[in-house]
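One-letter residues, chain by chain:
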Amino acid sequence: MQDVKFALHTIMDKLVGNHSEPFSTEDIEILIFAFESNILFDNVAHKFLPSLKGLPEIHEAAAGGVETEDGVGDKEQSYYEDLITERSDMVKTVLFTALKENIFHEMKIRFGA
C-alpha cells in the first residue's frame, strides 16, 4: 500500500508538471488500481475507470527504436514518442476531469444541491 501511495505522489507530480517524463504504462496501471480501490477520487472514480482502461497500451521498450541507415528507425521512434505523449495527455485530461468532478461532488455534499 505504501508503494502505491508513493507512486501516486510521483504521478501527481507528473500531472502538475514537476516531472517532465510522460505517464508510463505502470503509472496507468497504478491509477487504475487506485481508482478501483477507491484510494483516489473515491466519490467519482467509477465514472473514469472506463477511460483509463481504454487508453492505448504502448510498450515503452518499442519507443527505444533501432537505428537504420535509411532513417526508418528514426521515424518509428518518433511515432512511438508521439503515441506516448498523446497517451500522457489523455491521462492528464482524465485526472483533471476526475479532480474537477470530485471537487463538485464535495461542494454538493457541503453546500447542498
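About the thresholds
- Residues numbered from 1 in each chain as written.
- Predicted model: local features only at pLDDT ≥ 70, side-chain atom pairs only at ≥ 80, totals over all residues.
- Heavy atoms only, no water.
- Helix = DSSP H or I, 4+ residues; strand = E, 2+ residues; numbered from the N terminus.
- Buried < 20%, exposed > 50% of the residue type's maximum accessible area, 1.4 Å probe, protein only.
- Patch = residues over 30% accessible without salt bridge, like charges linked within 9 Å, V, L, I, M, F, W, Y side chains within 5 Å.
- Areas by Shrake-Rupley, 256 points an atom, 1.4 Å probe, with all protein chains shown as cover.
- Salt bridge = Lys/Arg side-chain N within 4 Å of Asp/Glu carboxyl O.
- Lys, Arg positive; Asp, Glu negative; His and termini not counted.
- Charge placed at Lys NZ, Arg CZ, Asp CG, Glu CD.
- Axes fitted to C-alpha atoms, helices over the stretch in contact; angles between N-to-C directions.
- Parallel < 35°, antiparallel > 145°, perpendicular 65-115°, else oblique.
- Left-handed = near helix turned anticlockwise from the far one by under 90°.
- Contact = heavy atoms within 4.5 Å.
- Nonpolar A, V, L, I, M, F, W, Y, C, P; charged D, E, K, R; others polar.
- Expected span 1.5 Å × (residues − 1).
- Arc of directions from axis to C-beta.

Caption draft 1: Representation of unusual backbone geometry in the model. Positive phi values are uncommon outside glycine, yet Asn38 reaches one of about 55°. Here Asn38 shows up in the loop between helix H2 (25-36) and helix H3 (45-53). We classify Asn38 as partly exposed; its relative accessible area is 45%. In this model, Phe41 sits at a positive phi of 50°, which is unusual for a non-glycine residue. Mapped onto the fold, Phe41 is located in the loop between H2 and H3. You can call Phe41 buried: its relative accessible area is 10%.

Caption draft 2: Spatial organisation of a negative patch on the surface. A contiguous patch of negative charge on the surface is contributed by Glu81, Asp82, Glu86 and Asp89. Locating Glu86 in the fold gives a position in helix H4 (residues 72-111). Given the relative accessible area of 44%, Glu86 is considered partly exposed.

Caption draft 3: Summary view of the packing of H2 against H3. Contact geometry for H2 and H3: axes closest at 9 Å, N-to-C directions at 155°. What the angle tells us is that H2 and H3 run roughly antiparallel. H2 and H3 meet at a crossing whose hand is left-handed. Taking contact as the criterion, the partners of Ile28, Leu31, Ile32, Phe35 and Glu36 in H2 are, on H3, Ala45, Phe48, Leu49, Leu52 and Lys53. The class makeup of the residues in the contact of H2 with H3 is eight nonpolar, no polar and two charged.

Caption draft 4: Spatial organisation of H2. Look at H2: 16 Å from first C-alpha to last across 12 residues, which is about the 16 Å you get at 1.5 Å a residue. Once H2 ends, the next one or two residues include Asn38, with phi positive near 55°.

Caption draft 5: Region of interest: H3. Of the residues making up H3, those classed as buried are Ala45, Phe48, Leu49 and Leu52. All buried residues of H3 fall inside an arc of 130° around its axis, so they share one side. Turned more than 90 degrees off the buried face of H3, the exposed positions are His46 and Pro50.

Caption draft 6: Spotlight on the side chain of Lys14. Structurally, the position occupied by Lys14 is in helix H1 (residues 2-16). For Lys14, a relative accessible area of 7% puts it in the buried group. The contacts of Lys14, once residues within four sequence positions are left out, are His19, Glu21, Pro22, Phe23, Ser24, Asp27 and Lys92.

Caption draft 7: Structural view of the side chain of Asp27. Summarising the element assignment, Asp27 is placed in helix H2. Accessibility expressed as a relative area gives 9% for Asp27, which makes it buried. In this structure, Asp27 is in contact with Ile11, Lys14 and Pro22, ignoring residues within four places of it in sequence.

Shape is all these values report; function is a separate question.
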